[in-house]
Amino acid sequence: MAGTYFDHNATTPVDPRVRESMLPWIGDQFGNPSSIHAFGQAAREAVERAREQVATLLDASPAEIVFTATGTEANNAVIRGCSRIGCTSGHLVVSAMDHPSVAAVATDLESSGFDISWIAPDANGRIDPDRLAAAIKPDTSLVCLALANNIIGTIQPVEKVARFCRKAGVPILCDAVQAIGKIPVSVRDLDVDFLSLGAHKFYGPLGAAALWIRKGVELNPYLLGGSQERHRRAGTVNVPAIVGMGEAAELVQAELEARRAHLLSLRDRLETGLREIGDIVIHGEAVERLPNTTHAALKDIDAQSLLIRLDLAGFAVSAGSACSSGTVEPSPALLAMGVTPQEALSSLRISLGSGNTEDEVDRFLVVLAREVAALRQLGTRTSV
């Protein structure tokens, strides 16, 4: 497809090497890993090799890895499991910067009688670990804190929060879906109890994700049926996608530092150019962020209009707002940071990938400056 892709936080293209690793498993090799014959055992060996590759990336044990279809499923499994499906009361602590796959489940539980402590971030999108720790109660069953926000890219102090959780005897879920492949992630260093990741965020296929569960931690199964994944997640596993996830994990392990350096260089170049356009606020720039993520509010601009113009010019980016039932609404995470609705609706998220180049960034800046000037001029004419 023609055009320049700057929306890697939504999904990444499948690495050709990953695609090559998957091809046999959508061809002649098609066994069910649960079958005892040779076809099934070959598939099982492929799945277990992928489990080892994912575990190595996370500094984990293969036995602690549970394959799921999506990061959303993994997060739901933990929250529903820790809240004891069927109960109508309990307490959870949730960051207001967490992904909707966490926030929406917490909201649903809240509507059924659960007590949810929503922890707001500072103006840079960072959660204060002391404030979160203070929200823990004797009946708290889970704390949820994403390692990196998917919109701003702010990296959260998960290690500090985990220490508080450990002292209080409360498990912690770390949604690392947006962080894997961009920064080093070790479950041992983070000291969390659960961690989720999704292959399509680090050049693997859609439809493959994983949940890391610390050895010794109990979790009520979310899906019931067969004995797959050591009775922790029923259902026939997606062998081709899991093989691809394993290959993507191995490539990340080998190439992470080079990828990070490349992305940081591109992001610095991008943000220097953005400031030259003028009347632009870069959210979260005062704190540590993902190396590929820039979220910028452009004064007097409707982000949806700008996004369409950029798409027509051949650049794929994301708006800093969400569309539901045809209505554009400000991101709850941005509002939690204290960003005004008007500023949120004038924001773009530009998320770079390892395949992007300096030339693409430079061409984007030229087009962006042109389209912003045109929209601002139209706005001036309209208001006269």
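Residues numbered from 1 in each chain as written. Predicted model: local features only at pLDDT ≥ 70, side-chain atom pairs only at ≥ 80, totals over all residues. Heavy atoms only, no water.

**A word on unusual backbone geometry**
When glycine is set aside, most residues are seen to have a negative phi, and most peptide bonds are trans. The phi torsion at Asp59 lies on the positive side, around 65 degrees, for a residue other than glycine. Locating Asp59 in the fold gives a position in the loop between helix H2 (38–58) and strand E2 (65–68). Unlike most non-glycine residues, Tyr203 shows phi in positive territory, near 70 degrees. Tracing the sequence through the fold places Tyr203 in the loop between strand E7 (194–198) and strand E8 (209–213). Taking relative accessible area as the criterion, Tyr203 reaches 12% and is therefore assigned buried. (Helix = DSSP H or I, 4+ residues; strand = E, 2+ residues; numbered from the N terminus. Buried < 20%, exposed > 50% of the residue type's maximum accessible area, 1.4 Å probe, protein only.)

**A closer look at the nonpolar core**
One finds Leu58, Leu147 and Leu195 to be the most contacted residues of the largest nonpolar core, which totals 67 residues. The greatest single-element share of this core, amounting to ten residues, is contributed by helix H9 (residues 239–277). Sequence-distant contacts of Leu147, defined by excluding residues within four places in its chain, comprise Thr154, Ile155, Gln156, Val158, Cys174, Asp175, Ala176, Ala179, Ile183, Val185 and Leu190. With 26 residues, the next largest nonpolar core counts Ala296, Leu306, Phe315 and Leu352 among its residues. (Core = buried A, V, L, I, M, F, W, Y, C linked by side-chain atoms within 4.5 Å. Contact = heavy atoms within 4.5 Å.)

**Structural notes on the side chain of Gln178**
Within the secondary structure layout, Gln178 lies in the loop between strand E6 (172–175) and helix H7 (187–190). When residues no more than four places from it in sequence are discounted, the contact partners of Gln178 are Asn9, Ala148, Asn149, Asn150, Lys201 and Leu290.

**So, the sheet that holds strand E12 (residues 318–319)**
Read across the sheet, four strands follow the order E9-E10-E15-E12 without closing on themselves; strand pairing throughout is antiparallel. What marks the edges here is a single partner per strand, and that holds for strand E9 (280–282) and E12. By the bridge criterion, two bridges tie E12 to strand E15 (residues 347–351) in an arrangement that is antiparallel. Counterpart to Ser318 in the pairing with E15 is Arg349. Against the sheet, H9 engages E9, strand E10 (293–298) and E15, with an angle of about 5 degrees to E10. (Pairing = 2+ DSSP bridges. Axes fitted to C-alpha atoms, helices over the stretch in contact; angles between N-to-C directions.)

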